[in-house]
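# Residue-level structure breakdown
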Amino acid sequence: MGSLFMLAVVVPIGGVILSQGLGETNELNQRLITTGPETSNSLREDLIFEHIRFEPKSDTVTISIRNIGTIQTSVDKITVVKMDTQEVIFSQSNLASLMMIKDSGDISFKADLPNATPEEWQDSYYSNSEYKISIITGRGNFFDTIARPFNT
């Protein structure tokens, strides 16, 4: 009699738990199907910084990067920050610079050097500092490095 009573209680509770679990599993599968390709593509992106050149007699920076990933990459934003003062030297978004697989390219820009007269990297205020250079891709991946003028 006790076994029959236990069975009468356990079967309805087990049925509810089973149906809830199946519903959650189906929802997870649907979410993975809709977001899976974009997530896996972002995992296949990889960039390396080959060289960073600070032009001594100007305010120009040239960044050489290479796409070593297995998917083409779009560079969306670049930011350069002076590490000791946290001063943003350069920031630009919506670059849309497309890099094919195993391709390398240069991105040149003029930095904002307001404390130098004339605005040149060889000014001691800027030449004795380190700079964090960050690149964000179109898929939201973040790559960064630290460089010093004339020593990179």
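Quick look at the structure, then. (Residues numbered from 1 in each chain as written. Predicted model: local features only at pLDDT ≥ 70, side-chain atom pairs only at ≥ 80, totals over all residues. Heavy atoms only, no water.)

### Observations concerning the side chain of Thr60
For clarity, the threshold we go by: Segments assigned H or I by DSSP are reported as helices when at least four residues long, segments assigned E as strands when at least two residues long, and all are numbered from the N terminus. The cut-offs for exposure are 20% and 50% of the maximum accessible area for each residue type, with area from a 1.4 Å probe on protein chains only; residues under the lower value are buried, those over the upper are exposed, and the others partly exposed. The contact definition used throughout considers only heavy atoms, calling two residues in contact when any of these lie within 4.5 Å.
In this fold, Thr60 is placed in strand S2 (residues 60-67). The exposure class assigned to Thr60 is buried, which follows from its relative accessible area of 15%. Apart from residues lying up to four places away in sequence, Thr60 is in contact with Arg53, Phe54, Glu55, Phe109, Lys110 and Trp121.

### Considerations on unusual backbone geometry
A positive phi is found at Gln86, a non-glycine position, where the angle reads about 60 degrees. Looking at the element boundaries, Gln86 is found in the loop between strand S3 (73-82) and strand S4 (87-99). If you check the backbone angles, Lys102 has positive phi at about 60 degrees while not being a glycine. With respect to the helices, strands and loops of the structure, Lys102 is situated in the loop between S4 and strand S5 (104-110).

### Some thoughts on a nonpolar patch on the surface
We count it as follows: Exposure above 30% relative accessible area and no salt bridge define the residues that can form patches, which grow by joining like charges within 9 Å and nonpolar side chains of Val, Leu, Ile, Met, Phe, Trp and Tyr within 5 Å. In these tables, accessible area is a Shrake-Rupley quantity obtained with a 1.4 Å probe, and a residue counts as shielded only by the protein chains included in the view. Each reported salt bridge corresponds to a side-chain nitrogen of Lys or Arg within 4 Å of a carboxyl oxygen of Asp or Glu.
Taken together, the side chains of Phe5, Met6, Val9, Val10, Ile13 and Ile17 define a hydrophobic patch exposed on the protein surface, amounting to about 620 Å² of accessible area. Within the secondary structure layout, Phe5 lies in helix H1 (residues 2-43).

### Digging into the nonpolar core
Defined as follows: Nonpolar core, defined: a set of buried Ala, Val, Leu, Ile, Met, Phe, Trp, Tyr and Cys residues in which side-chain atoms within 4.5 Å join the residues together.
In this structure, Ile78 and Trp121 are the most contacted members of the largest nonpolar core, which totals 24 residues. Sorting the residues of this core by element identifies strand S1 (47-54), S2, S3, S4, S5, strand S6 (131-137) and strand S7 (142-147) as the ones contributing at least two each. Not counting the four nearest positions on each side in its chain, Ile78 is found in contact with Ile63, Phe90, Ser91, Gln92, Leu95, Ile107, Phe109, Ser134 and Ile135.

### Observations regarding the environment of Leu47
Assignment of secondary structure puts Leu47 in strand S1. Using a relative accessible area of 6% as the deciding quantity, one classes Leu47 as buried. Separated by 22 residues in the primary sequence, Leu47 and Gly69 have C-alpha atoms spaced 6.8 Å apart. In contact with Leu47, not counting residues within four places along its chain, are Arg66, Asn67, Thr73, Val75, Met99, Ile135, Thr137 and Phe143.

These figures come from the coordinates and say nothing about function on their own.
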